[in-house]
Amino acid sequence: MSNVETATHEHRVFPPSEAVVKAAAVSGVAAYEALCKEAETDYEGYWARLAREHLSWKQPFTKTLGAENAPFFKWFEDGKLNVSYNCLDRNVEAGLGDKVAIIFEADDGKVTKVTYKQLLALVSKFANGLKSIGIKKGDRVLIYLPMSVEGVAAMQACARIGATHSVVFGGFSAKSVQERIQDAGAVAVITADEQCRGGKAIPLKPIIDEAFAMGGCESIKNVVVYQRTGGSIPMTAGRDVWLHELIANQSETCEPEWVDAEHPLFLLYTSGSTGKPKGVQHSSGGYLLHAVLTMKWTFDIKPDDVFWCTADIGWVTGHTYITYGPLACGATEIVFEGVPTYPDAGRFWKMIESHKVSIFYTAPTAIRSLIKAADVNPAVHPTKYKLDSLRLLGSVGEPINPAAWQWYYDNVGGARCPIVDTFWQTETGGHMITPLPGVTTLVPGSCTLPFPGIQAAIVDETGNDVPWGQGGILVVKKPWPSMIRTIWGDPERFKKSYYPQDFQGKYYLAGDGAIRDKDNGYFTITGRIDDVLNVSGHRMGTMEIESALVANPLVAEAAVVGRPDELTGEAICAFVVLKGERPTGDAAKKMIKELQDWVGKEIGPIAKPKDIRFGENLPKTRSGKIMRRLLRALAKGEEITQDVSTLENPAILDQLKA
Ligand code: 6R9
């Protein structure tokens, strides 16, 4: 059953307790409505007030929204600030120097605590080190690091000197790294010798070398290497430098580079429905404002909280809710190197217990896999751990099915903690539609209502509002401070992808379908409406995977679709036509493995198709268009009941069923 069906049949409601309402930053429905009203009455005034109250500016802004060059919107453009100053110095200046900023737990369980003062010193040395090798404001720096204090520090160090970082998730292949280096024109890479996950050391630096060997990485002058394991790796003289050597003699102070609010803080590559991944460009001021506001209102962050977002810094969730949001609020947060199933599937619960985590933010995929693990092994069931430090839970990355929601609520949150199901995207910078703990009556499977000030709406193909109870296209009607600024190097693609002419270029197109409850107007996300898959909360373009497959010399043609998967939300299913004969039996099995590994090499292990089926052809219309809806039905194992009269080669369906 799809999420829409389950959510619209969902009648259980969970109002916030009186105590939660009383303690929350946004307290009660009236407070929420007052904020929405303020935004409605004076949109710019609302955001300007918040930007003045929640950020520290070196030079105050006088202009709030710049819409002259829409949809390339600008926010607070004549203001100057530094993001790393806002995350570190201002907390130290406010007397939080000795407060723990990061509790780092390594894969092997070793714990390291870093205070705000120590983190500021490390980031300053790191920043000075980067400057010493010639990195300056506006340069792009590719970061390929494991979850670590150094990973957060590397991003903060770039922000401190005004360099624009582009973090690439450690699971992406050399080819993906090479493409991103080229697209961004990066001048340096920051990486580690190896990363530790699930008790194993996995090489990282050799992947950077492999990317270099592919050619086209001439823009890179230096590779900075963090020594995580001490494993033996080759270093290229004159190009590669050890991080510890680079920063050894650097000063612990580094004057922040004051940048315009619009200065690009980072690029983050994400999948779209066409072509190669696109470099989503974010600003400094507007982005940080939303990171701070959502920490304060959605997560209701308080001085004594221990906040844990389990995302990787390679994804946007790790950017906003590990590197920037929590630190900008002076919070204490967990950074975890390992995986949820090592040494056993009780790892998350054990860590919540030992670090007294109070706010826990994870993905539905993780919850579903831990439900399964606890079914198999009752010893790792969350109720076996002392989780009473928790007061708030969060979910992100994909729709959460009501059954998983309920399990999370009962067993992790002890039927006591609100769950904020936060809908947002790489492009939006922070939460867009989400419950607020002291306001919202929760309904499992619904991300409820827009964050105050966000003008989310559901429209039809021509941009007209659809009534509640009717599905449609999710749009945002007004620009907001943390929105994507452009696609790096491709402004036309930015306009086409996000401000299409279907809506006269006026609305931001999220790429998701949604429906509002006919009674209370709550939003439920019904999934992507483009050719983007969501596998374990990771975005993958079907075209990207198809291009990877056809790059294999044995492959003539390929079509990729998603099918529902109990654990990963969606699974990748590829239909492949080989140049040679269609393999069967063991030959087919061997070929499937070969193609899966091939895609792993081309993009990264997360893009490996789970199913691969071979046909002598693909189902096509007489005009040669692949009929994807048929492939989707086949992938699900459904009987084909659709009209196949326009199909050129109906016999092919039987072949592909196998
Ligand atoms: C933050 C992040 C964005 C896509 C988005 C949507 C899906 C994210 C969701 C959700 C339903 C939620 N998505 N959160 N769907 N409910 N709470 O995940 O960014 O990697 O760019 O993915 O993820 O489909 O369009 P990103």
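All values derive from a computational prediction rather than experimental measurement.

With that settled, the discussion passes to unusual backbone geometry. A cis amide bond, omega 5°, links Ala70 with the succeeding residue Pro71. Here Pro71 is to be found in the loop between strand 1 (65-66) and strand 2 (74-75). Backbone geometry at Ala415 places phi at a positive 55°, although glycine is not the residue there. Mapping Ala415 onto the fold places it in the loop between helix 15 (402-412) and strand 20 (419-422). Within the chain, Ser536 stands out as a residue other than glycine whose phi angle is a positive 50°. Checked against the element boundaries, Ser536 lands in the loop between strand 26 (532-535) and strand 27 (538-541).

Once that is clear, we can look at the packing of aromatic side chains. A full pass over the atoms with the stated rule returns 39 aromatic pairs. Considering the side-chain rings of Trp75 and Phe76, the 5.7 Å spacing of their centres and the 55° angle between planes classify their relative orientation as tilted. Accessibility classification places Trp75 together with Phe76 in one group, the buried group. Pairwise contacts between aromatic rings join Tyr43, Tyr46, Trp47, Trp57, Phe61, Trp75 and Phe76 into one cluster. Seen from the ring of Phe212, Arg239 lies directly overhead, with NZ or CZ sitting 4.1 Å from the centre.

Per the UniProt annotation, the sites labelled "domain: AMP-binding enzyme C-terminal" (unreviewed entry) are residues 544-625. Annotated as 30% helix and 30% strand, the span residues 544-625 places its first and last C-alpha atoms 18 Å apart.

Another aspect to go through is the sheet that holds strand 17 (residues 332-336). If you trace the seven strands from one edge of the open sheet to the other, you get 5-4-17-16-18-19-20, paired in mixed fashion. Only two strands of the sheet have a single neighbouring strand rather than two, namely strand 5 (111-115) and strand 20. Neighbour-to-neighbour, the strand axes of this sheet turn through a mean angle of 20°, independent of strand direction. Bridging between strand 18 (residues 359-362) and strand 19 (residues 392-396) involves four bridges; their strand directions are parallel. Looking across to strand 19, one finds that Phe360 is bridged to Leu393.

Here the UniProt feature "domain: Acetyl-coenzyme A synthetase N-terminal" (unreviewed entry) sits at residues 32-87. For residues 32-87, the helix share is 48%, the strand share is 11%, and the end-to-end C-alpha distance is 27 Å.

Moving on, we come to the side chain of Gln596. With respect to the element layout, Gln596 can be found in helix 18 (residues 585-602). A relative accessible area of 18% places Gln596 in the buried class. In this view, Gln596 contacts Lys608, Pro609, Lys610 and Ile612; residues no more than four positions away in its chain are not counted.

So, about the sheet that holds strand 15 (residues 278-282). Taking strand neighbours across the sheet as the criterion, the eight strands line up as 12-11-8-6-7-14-15-23 in an open arrangement whose pairing is mixed. The sheet is open, and its two borders are formed by strand 12 (240-242) and strand 23 (486-487), each paired with just one other strand. Bridging between strand 14 (residues 266-270) and strand 15 involves five bridges; their strand directions are antiparallel. Note on strand 15: the bridge partner recorded for Leu268 is Val280. The strands that helix 7 (residues 149-161) touches are strand 6 (140-144), strand 7 (164-167), strand 8 (188-192) and strand 11 (222-226); relative to strand 6, the one it contacts most, it runs at about 175°. Where helix 8 (residues 174-184) meets the sheet, its contacts fall on strand 6, strand 8 and strand 14, and the angle it forms with strand 6 comes to roughly 165°.

Of all 13 residues that make up helix 12 (residues 316-328), 13 are buried, and the element is covered over most of its length. Looking one or two residues beyond helix 12, the residue adopting positive phi is Gly330, at roughly 65°.

Rules used in this analysis
- Residues numbered from 1 in each chain as written.
- Predicted model: local features only at pLDDT ≥ 70, side-chain atom pairs only at ≥ 80, totals over all residues.
- Heavy atoms only, no water.
- Helix = DSSP H or I, 4+ residues; strand = E, 2+ residues; numbered from the N terminus.
- Phe/Tyr/Trp six-rings, centres within 6.5 Å; stacked < 30°, edge-to-face > 60°.
- Buried < 20%, exposed > 50% of the residue type's maximum accessible area, 1.4 Å probe, protein only.
- Lys NZ or Arg CZ within 6 Å of the ring centre and 35° of its normal.
- UniProt positions renumbered as here; feature names shortened; annotations may be inferred.
- Pairing = 2+ DSSP bridges.
- Axes fitted to C-alpha atoms, helices over the stretch in contact; angles between N-to-C directions.
- Contact = heavy atoms within 4.5 Å.

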